[in-house]
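Remarks on the overall topology
Take a look at the letters that make up each chain.
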Amino acid sequence: MFEFNVAAFANRLANLPERPVLAKAGTHSRYLQENVFDELKQDHQVDLLALDFDAFTFQDLTPESRSKSLAQHNSAWAKCFNRFVKQTHATPQDEQAFF
Amino acid sequence: MYEYDYEGDVLGTLSVLKLLKERQPARFESIRKNFKTLDWQYMEELAWEATWELFDDVENDFVPDYETDVWTVKDKAIDQFWINIQKRARASGSYSDVACRELVRDTLAYFLGASSYTIGQMECYMHGGSASVKMWLSPDIYEPTLFGADVVTLLRYLQAENDKSAARTKKRKSKRAKIIEKEAA
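So, here is what we can say about the structure in this document.

Criteria and cut-off values
Residues numbered from 1 in each chain as written. Chains lettered and ligands numbered in written order. Predicted model: local features only at pLDDT ≥ 70, side-chain atom pairs only at ≥ 80, totals over all residues. Heavy atoms only, no water. Contact = heavy atoms within 4.5 Å. Buried area = accessible area lost by both parts, 1.4 Å probe. Salt bridge = Lys/Arg side-chain N within 4 Å of Asp/Glu carboxyl O. Polar contact = N/O pair within 3.5 Å; in protein donor to acceptor, adjacent residues only side chain to side chain. Helix = DSSP H or I, 4+ residues; strand = E, 2+ residues; numbered from the N terminus. Nonpolar A, V, L, I, M, F, W, Y, C, P; charged D, E, K, R; others polar. Pairing = 2+ DSSP bridges. Axes fitted to C-alpha atoms, helices over the stretch in contact; angles between N-to-C directions. Parallel < 35°, antiparallel > 145°, perpendicular 65-115°, else oblique. 1 Å grid on protein atoms, 1.4 Å probe; cavity = no way out; pocket = protein on both sides within 12 Å on 5 of 7 lines; lining within 4 Å. Points joined across faces, edges and corners; volume = space filled by probe spheres on them. Phe/Tyr/Trp six-rings, centres within 6.5 Å; stacked < 30°, edge-to-face > 60°. Buried < 20%, exposed > 50% of the residue type's maximum accessible area, 1.4 Å probe, protein only.

Description of the interface of chain B and chain A
Listed per partner, the contact involves 37 residues of chain B and 32 residues of chain A. Summed over both partners, the interface of chain B with chain A buries about 3300 Å², with 69% contributed by carbon and sulfur atoms. Broken down residue by residue, the surface that chain B buries against chain A is led by Met1, Tyr2 and Tyr110 of chain B, which jointly contribute 25%. A salt bridge links Asp150 of chain B to Arg66 of chain A; the shortest N-O distance between them is 3.0 Å. Inspection of the chain B/chain A interface yields 20 residue pairs in polar contact (both at pLDDT 80 or more). Within the residue set of the side of chain B that touches chain A, elements represented by two or more residues are helix H1 (7–23), helix H2 (25–35), strand E1 (37–38), helix H5 (97–112) and helix H6 (144–184) of chain B. Of the residues contributing to the side of chain B that touches chain A, the split by class is 19 nonpolar, six polar and twelve charged. In the sheet, strand E1 (residues 46–47) of chain A pairs with E1 of chain B via two bridges, with the strands oriented antiparallel. Within the sheet, the bridge partner assigned to Asp47 of chain A lies in E1 of chain B and is Thr37 of chain B.

Written as C-alpha cells, this is what we have:
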C-alpha cells in the first residue's frame, strides 16, 4: 500500500511550472483605433485591402472580456474534472477505471 | 477598449483574418479581394468563411435528420499535436492509445467551446499520424465571430505547443550528440 508523502506533495506543489496564459490581457492599438473603430463609429466602411495586418498584434485584438471568459471557462472545466476525480479510488488499483 | 459597442465582433473577425494571413496567405488574399471592406452587413459572413479557411483541409456536408451542417477539418497543427502527445506518453512509459486520443479530443473541445455554442457535437478520428475533426453545428446557434476567435486561440495554442515540443526534441538531440562526442574523444 502506498503512503501519502506530504513532503513530496508539498515539494511538487511548490515547483509546479507556471500556468500558461491562454489569452493575455488585451492592449490598445492606436492603429486599430484610428483606422478601424473611428471609421466604424462614423458608419464608414473599413477598406480591407488598405488595412495593414502587420500593424497590430493578436494582443491588440483581444477584447477585455476574453481573458475573463477564458478564466471562467477554465474554472468550469476544472470543476468538471474534480467531479470525475472524486469518483475514483484514492489509491492505485490493479484494474482500469473509467469515468 | 476601443470604445465601440460591438468591438468583440470586430476584433474576432480581424483576429481570424490576421491568422489567415499567417497560415494561408493565398486564401487570405482571395477573401480580402472577395469582401473588400469590413462592414456590418457582411461581417458575420466574412468571419464564418475566413474561419473555415484557416484549416488545411475542410469538408462540409448537410445532415437532413438534424437539419444542420457537419464540418470535417484536417490540419497539420492538429496532426503534429497528436503525434507529440503519443511521443510524450511513450517516453513517460505509460502509453495508452485511448488516453492519448481523449487528451487530443478534450484539448480541441476545450478551445472550440470556450466562448461559443456553435459546435453541438464533436468527434476526433485518428489514423496513424493524422487526425480529422468532425463537428456537428448547433442547429439554432450562429456565432461566427466568437467561434472564429475560439478557433484562432486553438490554432495558436497548438502551434505554441508543437514549437515547444520541437525545441525540447532539439535540445535532447543536441545533448545526446555532445555526450557521444565526449565519449568518442
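Examining the environment of Glu161 of chain B
All names here are of chain B. In this fold, Glu161 is placed in helix H6. For the pair Glu161 and Phe81, spaced 80 residues apart in the sequence, the C-alpha separation amounts to 7.4 Å. Those residues in contact with Glu161 that sit more than four places away from it in its chain are Phe81 and Arg88.

What about the packing of H1 of chain B against H2 of chain B?
Residue and element names in this part refer to chain B. Two elements in contact, H1 and H2, have axes whose closest approach is 5 Å; the angle formed by their N-to-C orientations is 135°. When the interaxial angle is binned, H1 and H2 end up oblique. Between H1 and H2, the contacting residues are Leu17, Leu20, Lys21, Glu22 and Arg23 on the first element and Pro25, Arg27, Phe28 and Ile31 on the second. The class makeup of the residues in the contact of H1 with H2 is five nonpolar, no polar and four charged.

Describing the side chain of His73 of chain A
On the secondary structure map, His73 of chain A appears in helix H3 (residues 64–86). A polar contact is formed between the side chain of His73 of chain A and the backbone oxygen of Tyr110 of chain B, at a distance of 2.6 Å. Every residue in contact with His73 of chain A, bar those within four places of it in the chain, is listed here: Tyr110, Gly113 and Ala114 of chain B.

Some remarks on empty space enclosed by the protein
Residues and elements named next belong to chain B. Inspection of the entire model under this criterion finds one cavity of 30 Å³ or more. Looking at the largest cavity, the residues that line it are Phe81, Asn84, Ile85, Arg88, Glu161 and Ser165. For the lining of the largest cavity, the elements supplying multiple residues, two or more each, are helix H4 (76–92) and H6. Ranked by residue count, the leading element in the lining of the largest cavity is H4, at four residues. When grouped by side-chain class, the residues that make up the lining of the largest cavity number two nonpolar, two polar and two charged.

Structural notes on the packing of aromatic side chains
For the coordinates displayed, the defined rule picks out 18 aromatic pairs over all chains. Measuring from centroid to centroid gives 5.3 Å for Trp77 of chain A and Tyr110 of chain B, while their planes differ by 75°, and the two rings are edge-to-face. Of the two residues, Trp77 of chain A is situated in helix H3 and Tyr110 of chain B in helix H5; the pairing between them involves two chains. Relative accessible area serves as the criterion here: at 9%, Tyr110 of chain B is assigned to the buried category. An angle of 65° between the planes, with centres 6.4 Å apart, marks the rings of Phe81 of chain B and Tyr157 of chain B as edge-to-face.

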